[in-house]
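# Chains, contacts and geometry: an overview
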Amino acid sequence: LLGSSSGCIHANRSSAMLVPPVFVLVFAASNFQGTCWDVGSLEEGIEINVDNGQVGTSSLMPASSLQWPGICSPLLERRNGEDYPWAIHCRGFSYFSSPHDGALLCSLDSQWHRSTVCELFRVATNCVNLPCTREVVTPETLSAAIRRGQAPLPRGAGELMEVLLAEAGAVSGLLEMVPSSQLTFQMFLAIYTVAVLCLREKLPAGTHQQLFKLRANSQGREGCRDLVSEHFEHVFAMLASTGGTSTAAAAAATGGQKKIGDMKPSHAVLKKTGAAARRHIIALLPQGPLGVADVETSATHHYDYLPTDEPWSRFVVRTPRETPAHGLATDVALWRERQEGWGWQSAWAAVRLANRLEEMLADPAELDGWLDAWIDSLGAERQSMLDGREWISGEQRQIGYRRWRGTQQILTPISGHYRPMWRAALLQRVAEATEKGGPHVPIFQSPDESTEEARRTWNCGAVLSWADIPVSCSLALHLDIGESDDKNGKPARAPSNSSLINLASGGCRVVLNRAILRTPMDAAALGQLSSCNEWYGMSVVQHNVSYAVRPQWLHADLVAVDVLEHRLLPAALQRVAIASQEVHNSSSRSPLRVRLHDAAEAIAEFTYYMFNGALYTRGSAAIAILSHHAMYLSLLRSPEDGERGRLARHRLQALRCLPNWRAHTMPDVEATSSHTAQAYTSYVYWKSFDSASGDPREELLSCLERALVLDAESEERGRQDAHRLQKALRELKSSRPGVGT
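About the criteria used
Residues numbered from 1 in each chain as written. Predicted model: local features only at pLDDT ≥ 70, side-chain atom pairs only at ≥ 80, totals over all residues. Heavy atoms only, no water. Helix = DSSP H or I, 4+ residues; strand = E, 2+ residues; numbered from the N terminus. Contact = heavy atoms within 4.5 Å. Areas by Shrake-Rupley, 256 points an atom, 1.4 Å probe, with all protein chains shown as cover. Axes fitted to C-alpha atoms, helices over the stretch in contact; angles between N-to-C directions. Parallel < 35°, antiparallel > 145°, perpendicular 65-115°, else oblique. Left-handed = near helix turned anticlockwise from the far one by under 90°. Salt bridge = Lys/Arg side-chain N within 4 Å of Asp/Glu carboxyl O. Buried < 20%, exposed > 50% of the residue type's maximum accessible area, 1.4 Å probe, protein only. Phe/Tyr/Trp six-rings, centres within 6.5 Å; stacked < 30°, edge-to-face > 60°. Lys NZ or Arg CZ within 6 Å of the ring centre and 35° of its normal. Arc of directions from axis to C-beta. Disulfide = S-S within 2.5 Å. pLDDT = per-residue confidence, 0-100. Core = buried A, V, L, I, M, F, W, Y, C linked by side-chain atoms within 4.5 Å. Pairing = 2+ DSSP bridges. Nonpolar A, V, L, I, M, F, W, Y, C, P; charged D, E, K, R; others polar.

### Points about the overall build of the protein
Of regular secondary structure, the protein possesses 26 helices and 9 strands. At a minimum sequence separation of 6, the contacts of the protein that also span at least 24 residues come to 74%. Total accessible area on the protein is roughly 30,600 Å²; 50% of this is exposed by carbon and sulfur atoms.

As structure tokens, this is what we get:
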């Protein structure tokens, strides 16, 4: 893009030199009766020269939604620094903000980008003189702007102009696919953002820039134009094929038919809803490359190299990895070395925790305060694994710290290895509901059960989990929840408890996890951002723009954590204690196998809440696994001589009773993709494990039954494992950075 030194400079020198002649648009300031960018301060803050010499002073905030031209009017005024209107407006947006009208634009986190997207949209609508009146981009306005060939643009916008608005740019082709051949500002902002991330253009510090890895080399202008086109072609095609208007989609959203008592849906309805749900999941979580915003890890060669008869392997989760740059044998050896170090550390921690838990559960009637002690003990054990590893710093050192402040909300983008894990789990949930006799509940089920909310849940691809408590929501909270003032640490009451839903039948439902598969960017492109933006008190647009192009996994908020810690988890722990005592009740009339099964179900329920609660700032999933394994070990009691060392060695070798986690699954994803604890324990939990016989439940219970008696064979195996554990821990302490981390 070319301009004169006496007029507006529209691109830096490198941009101007690289633009092929066929794409050159000459923007001459002398023929433009509007604003002109002052290049002297564009990099630091926005300065705009107004032709009539007057300086704009309005501090009005943008419109209440992403509507042009109101949302951009402050960006066309001369305001700078702290008083710059969008700077003021965006102070209300933060990593942990409540739903915010301008959150998507604020997530760009750069005045340069907020101005540039407004100016590019102004060009695309062929708006010459302010105020602009056209609200949408059409093929006609874009063609007229290209023919006109002049407009003021910020310095450095040349690449974005070529990728998006040039004659062969992405927007021209996408206009042929969108409804009514029109792009609103919200849709244009979504397209602009993907182009920005692809070009990695002027992204602020902290933004994850390495998102787009669909091609091995740098995308460049041509590659980014193609990537933007391919991605949004998929998005708009997805609207046509899996939107909420078809009969199948409506059936899948509402469960196929109105429920009458416990009547089972017909086979035909189940088949139709299952097929619609599968198509919807694949559209929202495509395997790629088309429709995928970032790379999906796919290497699974290491899956078959996890031992089946090692205590340490029970803590290892097998998920896809990036294709190794070196040989497979070297990669597998390195993977196993790291997992073995981690596994032995976790095994020793589980043995110590089992000793602690046995003391806690000695009397189920006296469990007051034990839950807090248990949660703290779990966190401390996980934190202690960092001892001696000074190279681990920053947020990684927060592993095992409990969440307690209102700002300690947790968001995980569903990308990398999370994408295939979520896709596999959701497809499995659909199969369970429609083919394998599981609960006939749609995977995209709303916790408040209204038909309108069910359709919204379907359209946005929302997968939620929840729990019910037998009190009204007004009495559900134990303490006030809110952000704490860092100066005095005093909590303030939360502005709303939107994660709590009063049930018509009485009681309160607390929403735990929210996985929103339709990305905020794609929702904006489809005109659905206002519908998909807020889920029971939590916004999907958080942190920075690189998060907004990926599906969002919003973990339990502090309201849900409070209910979990003071109502759900104490009750679940008491059930574990009662079941544990019953296992050793020699006068019980129930067979031992039944009592062990009851204990396993109680442990599974407690683990479900641990996975769904994400009680720690980091490491919650690994800590939930640690708790799960320690609870099983606590079922094995002290020998008659009371020798604690013998019991510790016995418990260490008895970890073999627990099956390995099933390859290509993440235990926390399996739990959070289940709507309720009952659905998890009944249909999902036992399928989370590998099993040579195909029946992990039978294998586990049989092994536990044998392990209740400490015999000579298990005692010898325990001694051998203890020696191997000591050796592994000594090697780990002297290992180089990276091993076992």
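Past the structure itself, the notes keep going.
### A short note on the packing of helix α12 (residues 328-360) against helix α26 (residues 712-733)
Interaxial distance between α12 and α26 falls to 9 Å at its minimum, and their mutual angle equals 120 degrees. In terms of orientation, α12 lies oblique with respect to α26. Two packed elements cross with a definite hand, and for α12 against α26 that hand is left-handed. Between α12, through Gly341, Trp344, Gln345 and Trp348, and α26, the contact on the second element is made entirely by Asp721, Arg724, Leu725, Ala728, Leu729 and Leu732.

### With respect to the pattern of salt bridges
Where side chains of opposite charge bring their charged atoms close, a pairing between them can arise. On inspection of all chains with the given rule, the structure shows 29 salt bridges. Arg593 serves as the salt-bridge partner of Glu698, at 2.9 Å between the closest nitrogen and oxygen. Residue Glu698 is located in helix α25 (residues 696-707), and its partner Arg593 is located in helix α20 (residues 592-613); the two are separated by 105 residues in the primary sequence. When its relative accessible area of 37% is taken as the criterion, Glu698 is described as partly exposed. Classification of Arg593 as partly exposed rests on a relative accessible area of 27%. Through salt bridges that share partners, Asp309, Glu310, Arg656, Asp721 and Arg724 make up one connected network.

### Focus on the packing of aromatic side chains
How two aromatic rings sit relative to each other is set out by the distance from centre to centre and by the angle between their planes. In the structure shown here, the tally under the stated rule is 13 aromatic pairs. On the numbers, 4.9 Å between centres and 70 degrees between planes, the contact of Tyr685 with Trp686 is edge-to-face. Feature note: the residues Tyr608, Tyr609, Trp661, Tyr680, Tyr685, Trp686 and Phe689 constitute an aromatic cluster, connected by ring pairs. Taking NZ or CZ as reference, Arg456 lies 3.6 Å from the ring centre of Trp535, over its face. Positioned over the ring face of Tyr547 is Arg550, at 5.4 Å from the centre of the ring.

### Section: helix α5 (residues 139-148)
Of all the positions in α5, only Thr141, Leu142, Ala144 and Ala145 are classed as buried. One side of α5 carries all its buried residues, which in axial view fall inside an arc of 160 degrees. In this structure, α5 carries Glu140 and Arg147 as exposed residues pointing more than 90 degrees from its buried face. Check the buried side of α5 and you find it contacts α4 (111-124) and α7 (170-174).

### What to know about the state of the cysteines
Disulfide: a covalent bond formed between the sulfur atoms of two cysteine residues. Tallied over the entire structure, the rule returns 5 disulfides. Put simply, Cys127 and Cys132 are joined by a disulfide, and their sulfur atoms are 1.9 Å apart. Across the S-S bond of Cys127 and Cys132 the torsion is about -90 degrees, and the bridge reads as left-handed. Classification of Cys127 by relative accessible area gives buried; the value is 8%. Paired through a disulfide, Cys473 and Cys508 show a sulfur-sulfur distance of 2.1 Å. Given an S-S torsion of about 100 degrees, the disulfide between Cys473 and Cys508 has right-handed geometry. Here Cys473, found in the loop between β4 (462-469) and β5 (500-502), pairs with Cys508, found in strand β6 (residues 508-516); they are 35 residues apart in sequence, far enough to count as distant. Accessibility assignment for this pair places Cys473 and Cys508 in one class, buried.

### Some points on the confidence of the model for the protein
Averaged over every residue, the pLDDT of the protein is 77; the share at 70 or more is 73%. Confidence, read as mean pLDDT per element, is least for strand β2 (residues 48-50) in the protein (26) and greatest for α20 (97). pLDDT under 50 marks residues 256-262. Its contacts with residues more than four places away, or in other chains, come to 8 contacts. Confidence over residues 480-495 falls short of pLDDT 50; this stretch has 25 contacts with residues more than four positions distant or in other chains.

### Things to note about the nonpolar core
In this structure, Leu120, Leu164, Leu165, Val171, Tyr192, Phe232 and Trp422 are the most contacted members of the largest nonpolar core, which totals 99 residues. Looking at which element gives the most residues to this core, the answer is helix α8 (residues 185-199), with 13 residues. Grouped together as the second largest cluster of nonpolar side chains are 90 residues, Ala347, Cys473, Val563 and Ile603 included.

### Observations regarding the pairing of β6
For β6, the tally of buried residues reaches 9 of 9 residues, placing the bulk of the element in the interior. Where β5 meets β6, 3 bridges bridge the pair, whose relative direction is antiparallel. Counted as the bridge partner of Asn502 is Cys508 from β6. With antiparallel pairing between neighbouring strands as the criterion, β5 and β6 make up a hairpin whose turn holds 5 residues, including Gly506 at a positive phi of roughly 100 degrees. One ladder, built from 3 bridges, connects β6 with strand β9 (residues 552-554); its direction is antiparallel. Within β9, the residue paired with Ala515 across the bridge is Trp553.

### Regarding the packing of α20 against helix α21 (residues 620-633)
Two elements in contact, α20 and α21, have axes whose closest approach is 9 Å; the angle formed by their N-to-C orientations is 165 degrees. With respect to α21, the element α20 is oriented roughly antiparallel. You can see that α20 and α21 cross each other, and the crossing is right-handed. Residues Ala600, Ile603, Phe606, Thr607, Met610 and Phe611 of α20 touch α21, and the partners they reach there are Ala621, Ala624, Ile625, Ser627, His628, Met631 and Tyr632. Among the residues making up the contact of α20 with α21, the classes are represented as 10 nonpolar, 3 polar and no charged.

### Looking at the pairing of β4
Burial of β4 is extensive: 7 of the 8 residues sit out of reach of the surface. Where β4 meets β6, 7 bridges bridge the pair, whose relative direction is antiparallel. Residue Leu464 lies in a different strand from β6, and its bridge partner there is Arg514.

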